[in-house]
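Structural characterization, general
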Amino acid sequence: MPRHLSRLFVLMLAFAGAAASAQTAPAPDAALREAFIAEAGEKYKLERGEVEAWLAQSEYKQGIVDAMSRPAEAVKPWKDYRPIFISDRRIREGQAFLATHRDALQPVAESTGVPAEMITAIIGVETSYGGNTGSYRVLDALYTLGFFYPVSGKPEQVEREAMRGKFFRDELMQVMLLAKEERLDLPALKGSYAGAMGYGQFMPSSYRAYARDGDGDGRRDLFGSLPDVFASVANYFVAHGWQKGEPVVARAIAEEGAAPFKPDTLEAKYSLAELGERGYRPTQAQGHALDATLVTFEGNEGTEHWLGFKNFYVITRYNRSPMYAMAVYQLSREIAAGQDALAAP
């Protein structure tokens, strides 16, 4: 086949494939779409024409549905979870990131009380210091999950799945408003398959609520402005009750005969005396009265008991997993230790 005909044939196949894909992409339920447009206008003052224009640019992505539909992996024990986020490479890159951006991080740490190494650790766990912020269009992710949230068919999941779809539709409305507020190019925004964005992986609602303008240019840019990113991560912590200078966790021991205790919340709502009565005490005196909760992990050397204070609970507001919070904390300590070593005479 002549080369020019071969190229033409390839192009024809590509166009045919695109057309077939467009034909098979599902359309949102008409009533649900209309209700979405009406709510976007009532709740966020978005005009019908602009909402319809954004919807017209949104694309259903089966890969996003597949990702959300995958059965949750078995929860890893701490001994397997920890190495994922606390590796020599992530520690080394975190130390380098902090050293490079210390001048921008330090004023944020001083004004908010959130240590620079803690801000760095969040960014390290979330996106490997900005190296992996997501490859899905945020518009497509929120559109797909808002209108086509996967249904398992299990009666016990019906209410939860309906609520999740509603959540993502609201996030879709909010990202439309966010694009106007911050002058962002919405179709170009990339993030996770769930629609989380930027260095710190903020959902649109969190972006609008907690992002801050750290560089003073009048915008909150969590994609390209590290001063904005640093100020925003710190503000997220402050807004959820971060206590300056207070500890995050303390190692604990279980007295012989102590009954297993798994609190039904991660809130720090037990006094040290109450935990002591249950047989769990810090290995070192804390200096002053603090409320805490008990978290228990399976580590390399057996069961680990930790007291999680208010600041531990704050980290879990970023991600509700206690192992996530512990990974962030321990990574921050490793990063700080490296900086202390560099500063030593």
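Figured I'd write up the structure that's included with this text. (Residues numbered from 1 in each chain as written. Predicted model: local features only at pLDDT ≥ 70, side-chain atom pairs only at ≥ 80, totals over all residues. Heavy atoms only, no water.)

1. A look at the side chain of Asp-140
- Its location among the elements puts Asp-140 in helix H9 (residues 138–147).
- Its relative accessible area of 3% is what places Asp-140 among the buried residues.
- Within the structure, the side chain of Asp-140 is placed 2.8 Å from the backbone nitrogen of Glu-59, a separation counted as a polar contact.
- Within the structure, Asp-140 has its side chain in polar contact with the side chain of Arg-137 (distance 2.7 Å).
- Residues within four places of Asp-140 in sequence aside, it is in contact with Gln-57, Ser-58, Glu-59, Lys-61 and Ile-64. (Helix = DSSP H or I, 4+ residues; strand = E, 2+ residues; numbered from the N terminus. Buried < 20%, exposed > 50% of the residue type's maximum accessible area, 1.4 Å probe, protein only. Polar contact = N/O pair within 3.5 Å; in protein donor to acceptor, adjacent residues only side chain to side chain. Contact = heavy atoms within 4.5 Å.)

2. Re the side chain of Asn-235
- Looking at where Asn-235 falls in the secondary structure, it is placed in helix H12 (residues 226–239).
- Judged by relative accessible area, which is 14%, Asn-235 ranks as buried.
- If sequence neighbours within four positions are ignored, Asn-235 has contacts with Tyr-210 and Arg-212.

3. Here's the deal with the pairing of strand S3 (residues 249–254)
- Both S3 and strand S7 (residues 302–308) contribute to a ladder of 4 bridges, which runs antiparallel. Bridge assignment links Arg-251 to a residue of S7, and that residue is Trp-306.
- Here 3 bridges tie S3 to strand S5 (residues 280–282), and the two strands are oriented antiparallel to one another. Directly across from Ala-252, in S5, lies its bridge partner Pro-282. (Pairing = 2+ DSSP bridges.)

4. Focus: the packing of aromatic side chains
- Under the definition given, this model contains 20 aromatic pairs.
- Considering the side-chain rings of Tyr-149 and Phe-168, the 6.1 Å spacing of their centres and the 20° angle between planes classify their relative orientation as stacked. With Tyr-149 in the loop between H9 and helix H10 (158–182) and Phe-168 in helix H10, this residue pair connects regions lying 19 residues apart in the sequence.
- Residues Phe-237 and Tyr-318 carry aromatic rings whose centres are separated by 6.2 Å and whose planes lie at 70° to one another, so their mutual orientation is edge-to-face. With a gap of 81 residues between them, Phe-237 in helix H12 and Tyr-318 in helix H14 (residues 310–318) connect regions that are remote in the sequence.
- For Phe-237, a relative accessible area of 0% gives the class buried.
- Owing to a relative accessible area of 14%, Tyr-318 belongs among the buried residues under this scheme.
- Taken together, the ring pairs connect Phe-202, Tyr-210, Tyr-236, Phe-237, Trp-242 and Tyr-318 into an aromatic cluster.
- Geometry around Phe-261 places Arg-278 over its ring, the cationic atom sitting 4.0 Å from the centre. (Phe/Tyr/Trp six-rings, centres within 6.5 Å; stacked < 30°, edge-to-face > 60°. Lys NZ or Arg CZ within 6 Å of the ring centre and 35° of its normal.)

5. A short note on the sheet that holds S3
- Strand order in this open sheet of 5 strands is S4-S6-S7-S3-S5, and the pairing throughout is antiparallel. A strand with exactly one partner marks an edge of an open sheet, and here the two such strands are strand S4 (270–271) and S5.
- Of the strand pairs in this sheet, S4 and strand S6 (residues 291–299) are connected by 2 bridges, and their pairing is antiparallel. Across the sheet, Ser-271 pairs through a bridge with Asp-291, a residue of S6.
- Packed on one face of the sheet, helix H5 (residues 78–85) meets S6 and S7 and runs near 95° to S6. (Axes fitted to C-alpha atoms, helices over the stretch in contact; angles between N-to-C directions.)

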